[in-house]
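# Architecture and fold: a report
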Amino acid sequence: MVRQNSDFTPKWHSPAEVAAILGFGLSKVKMKIATGELRSIKDGKYRRVLPQWIDEYVQAQVDRQEAA
């Protein structure tokens, strides 16, 4: 029997999920991945982003704004 867990937290996200999380368009997320601004790994033919890397990206944006 498979147990359903409503508190499921994904271990990684697709670029489309990252776009939804950050409120960006998919093309913007793909560009940030391509330029290295947002870290990702390749899983077969798919790109994946760890939740920690999303947090790091957001923190880097905050730090950059505070330094300006």
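Residues numbered from 1 in each chain as written. Predicted model: local features only at pLDDT ≥ 70, side-chain atom pairs only at ≥ 80, totals over all residues. Heavy atoms only, no water.

## Quick notes on the pattern of salt bridges
Within this structure, the stated rule accounts for two salt bridges. When the shortest N-O distance is used, the salt bridge between lysine 32 and glutamate 37 registers 3.3 Å. Put simply, glutamate 56 and arginine 39 hold a salt bridge, and the shortest N to O gap is 3.9 Å. Here the residue glutamate 56 occupies a position in helix α3 (residues 51-67), and arginine 39 occupies one in the loop between α2 (26-35) and β1 (41-43), the gap between them amounting to 17 residues. Given a relative accessible area of 34%, glutamate 56 falls into the partly exposed group. (Salt bridge = Lys/Arg side-chain N within 4 Å of Asp/Glu carboxyl O. Helix = DSSP H or I, 4+ residues; strand = E, 2+ residues; numbered from the N terminus. Buried < 20%, exposed > 50% of the residue type's maximum accessible area, 1.4 Å probe, protein only.)

## Re the nonpolar core
One finds Val18, Ala19, Val29, Ile33, Leu38, Val49, Trp53, Ile54 and Tyr57 forming the largest nonpolar core, which totals nine residues. Counting only elements with at least two residues in this core, the list comes to α1 (15-22), α2 and α3. With residues near it in sequence (within four places) discarded, valine 49 still touches Trp12, His13, Val18, Ile33, Leu38, Arg39, Ser40 and Ile54. (Core = buried A, V, L, I, M, F, W, Y, C linked by side-chain atoms within 4.5 Å. Contact = heavy atoms within 4.5 Å.)

## Some details on the environment of glycine 44
Along the chain, the position of glycine 44 falls in the loop between β1 and β2 (46-48). Since its relative accessible area comes to 61%, glycine 44 is described here as exposed. With ten residues separating them along the chain, glycine 44 and alanine 34 place their C-alpha atoms 17 Å apart.

It is worth stressing that arrangement in space is one thing and function is another; only the former is reported here.
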